[in-house]
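Structure assessment
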2 protein chains.
Amino acid sequence: MYVRALTQLLSEGISVVSSRQLGHRLQMTPAQIRKDLSYFGRFGKQGRGYDVHFLLEELRQILGLNQEWDACLVGVGRLGRAIINYPGFAPEGFRMRAVFDSDSRQVGGVVGGLRVQPMSALSEAVERDNITIGIVAVPAAEAQSVIDQLIDSGVQGILNYAPIAPQVSMHVVIRNIDPVLALQSMTFYLRELD
Amino acid sequence: MYVRALTQLLSEGISVVSSRQLGHRLQMTPAQIRKDLSYFGRFGKQGRGYDVHFLLEELRQILGLNQEWDACLVGVGRLGRAIINYPGFAPEGFRMRAVFDSDSRQVGGVVGGLRVQPMSALSEAVERDNITIGIVAVPAAEAQSVIDQLIDSGVQGILNYAPIAPQVSMHVVIRNIDPVLALQSMTFYLRELD
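Because the structure is a prediction, the values reported are computed rather than measured.

**Here we look at the overall build of chain A**
Along the backbone of chain A there are eight helices and nine strands. Its C-alpha atoms give chain A principal-axis dimensions of roughly 60 × 45 × 30 Å. A total of 194 residues make up chain A; the buried ones form 32% of that total. Sequence separation of 24 or more characterises 53% of the internal contacts of chain A that already satisfy a separation of 6 or more.

**Observations concerning the sheet that holds strand 8 (residues 157-160) of chain A**
All names here are of chain A. Reading across the sheet, the seven strands line up as 5-6-4-3-7-8-9 and stay open at both edges, with mixed pairing between neighbours. Each edge of the open sheet carries a strand with a single partner, namely strand 5 (110-111) and strand 9 (173-176). Here strand 3 (residues 69-74) runs beside strand 7 (residues 133-136); their pairing, made up of four bridges, is parallel. Residue Cys72 lies in a different strand from strand 7, and its bridge partner there is Gly134.

**Topic: the domain arrangement of chain A**
Domain annotation of chain A identifies domain 1 (2-63) and domain 2 (69-180). Of note, the centres of domain 1 of chain A and domain 2 of chain A, computed from C-alpha atoms alone, are 33 Å apart.

**What about the packing of helix 1 (residues 2-11) of chain B against helix 4 (residues 52-63) of chain B?**
Residue and element names in this part refer to chain B. It is at 10 Å that the axes of helix 1 and helix 4 come closest, and there the two elements cross at 150°. Here helix 1 lies roughly antiparallel to helix 4, going by the angle between them. Between helix 1 and helix 4 the crossing geometry is left-handed. In contact with Tyr2, Val3, Leu6, Thr7, Leu9 and Leu10 of helix 1, helix 4 contributes Val52, His53, Leu55, Leu56, Leu59, Arg60 and Leu63. Counted by class, the contact of helix 1 with helix 4 contains ten nonpolar, two polar and one charged residues.

**Overview of the pairing of strand 3 of chain A**
Of all six residues making up strand 3 of chain A, five are buried, and the element is well covered by its neighbours. Once you follow strand 3 of chain A into helix 5 (residues 78-84) of chain A and on to strand 4 (residues 94-100) of chain A, the crossover reads as right-handed.

**Focus on the interface of chain B and chain A**
Across the contact, 43 residues belong to chain B and 43 residues belong to chain A. A total of 14 residues in the side of chain B that touches chain A trace back to one element, the largest contributor, which is helix 8 (residues 179-193) of chain B. Along the lines of polarity and charge, the residues of the side of chain B that touches chain A split into 27 nonpolar, eleven polar and five charged.

**Section: the nonpolar core**
If you look at the biggest cluster of nonpolar residues, it comprises 94 residues, and the most contacted ones within it are A:Cys72, A:Val136, B:Cys72 and B:Val136. Here A:Cys72 is in contact with A:Arg97, A:Ala98, A:Val99, A:Phe100, A:Ala125, A:Val126, A:Ile131, A:Gly134 and A:Ile135, once residues within four sequence places are set aside.

**Structural notes on the relation of the copies chain B and chain A**
Superposition of the two copies of the chain requires a rotation about an axis together with a shift along that axis. For the pair chain B and chain A, the relating rotation is 180°, the translation along its axis is 0.0 Å, and the fit reaches an RMSD of 0.0 Å. Taken together, the rotation angle and the small translation identify this as a two-fold axis. Mapped onto chain A, 100% of the interface residues of chain B are again interface residues, and the two copies thus contact each other with one and the same surface.

**Structural notes on the pairing of strand 7 (residues 133-136) of chain B**
Residue and element names in this part refer to chain B. Side chains of strand 7 alternate between two faces, with Ile133 and Ile135 and Gly134 and Val136 buried alike. Looking at chain direction, strand 7 and strand 8 (residues 157-160) are connected through four bridges and run parallel. The residue bridging Gly134 from the neighbouring strand is Ile158, located in strand 8. Where the polypeptide runs from strand 7 across helix 7 (residues 140-152) and back to strand 8, its parallel neighbour, the crossover connection is right-handed.

**So, the sheet that holds strand 5 (residues 110-111) of chain B**
Residues and elements named next belong to chain B. Pairing is mixed across the open sheet formed by seven strands, whose spatial order is 5-6-4-3-7-8-9. Two strands close off the open sheet at either side, each with one partner strand: strand 5 and strand 9 (173-176). The pairing of strand 5 with strand 6 (residues 114-117) spans two bridges and is antiparallel. Counted as the bridge partner of Val111 is Leu114 from strand 6.

**Quick look at the confidence of the model for chain A**
When pLDDT is averaged along chain A, the result is 91, and 96% of the positions lie at 70 or above. Overall fold confidence (pTM) sits at 0.78, and the ipTM for the predicted complex is 0.86.

Basis of the calculations
- Residues numbered from 1 in each chain as written.
- Chains lettered and ligands numbered in written order.
- Predicted model: local features only at pLDDT ≥ 70, side-chain atom pairs only at ≥ 80, totals over all residues.
- Helix = DSSP H or I, 4+ residues; strand = E, 2+ residues; numbered from the N terminus.
- Buried ≥ 20, exposed ≤ 12 C-beta atoms within 10 Å, placed from the backbone.
- Contact = placed C-beta atoms within 7 Å.
- Pairing = 2+ DSSP bridges.
- Domains from an automatic or database assignment.
- Axes fitted to C-alpha atoms, helices over the stretch in contact; angles between N-to-C directions.
- Parallel < 35°, antiparallel > 145°, perpendicular 65-115°, else oblique.
- Left-handed = near helix turned anticlockwise from the far one by under 90°.
- Nonpolar A, V, L, I, M, F, W, Y, C, P; charged D, E, K, R; others polar.
- Right-handed = clockwise from strand over helix to strand, strands pointing away.
- Core = buried A, V, L, I, M, F, W, Y, C linked by C-beta atoms within 7 Å.
- Least-squares fit on C-alpha atoms with pLDDT ≥ 70 in both.
- pLDDT = per-residue confidence, 0-100.

Printed below as a string of structure tokens:
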């Protein structure tokens, strides 16, 4: 979120930002901003604010965002096709290297410029292409099994679009993209507002 | 996440669950599970675990998930069309009532069974259809302005798909769906694993 906010500030031509201004953007207190950033080092000068460009570059370095990451996609249904055609990944250094599907009717077809491979080719492709991230766009019922296969193949990070709460071991990093869950997490507060 | 995990347990035929089992599912400690649930009332019996069906119904009631919520969508490009055709919203009580686009070439067309309306029709539609949630699927450059218009029209919750960190007042509930941000939040940990 810091990287996102700082990138936005830079695009607006803002080169110095205070904890208060950054806090306003991120809906956090200035104290929390200072605390978070102090965790990584000394970025700001008392009373002068943060240099946006310097802070952004430092955070990108720390977070591993100044390098490229290779990903694969499992599931080339409607959602999977939308993901592979999503234009936001490549500019941020996330490269889609391979796509897979368990449905033999999909295998061999071309999606997003990549030939759809069978699940049996997963392990070899992950190793060959140095794939660290697996993107899961299969139906809920298949998702846990696909996630297990990705992890067995050596993938270390999972971006899961299936509406389940997957179980993974502690050494795997998982993020879920789940719009229904996002809506469900809002309604408690909307009730209060009613 | 509790609702999601409990729904999954129920579908697996599991009717009683311990804090330990639930914690395993949610990658949380049993102590945190007990603490979270005690916040809402007394759900479990010492040594007997939680009744999955009862806990799920109580949580759904508390969170406002046992009622229907009316939503509108702004932006009917590729992403907007994927959202409106997403089959996961309706079964969970989120109804898409209206769609809007600022591009006059889109207005009048039909997307997901709804006629695309101009932005000038937004306020009236939000009031007439009692729309509480606005879903934003416009390009980054337009997103803040669209969010402002939704809030001015009386929408109380925003589900934002645009890759920006929007600024909203404290009485508006906002959730961002941002796969690039999700990937970026993983890379720090993937570096450590390398």
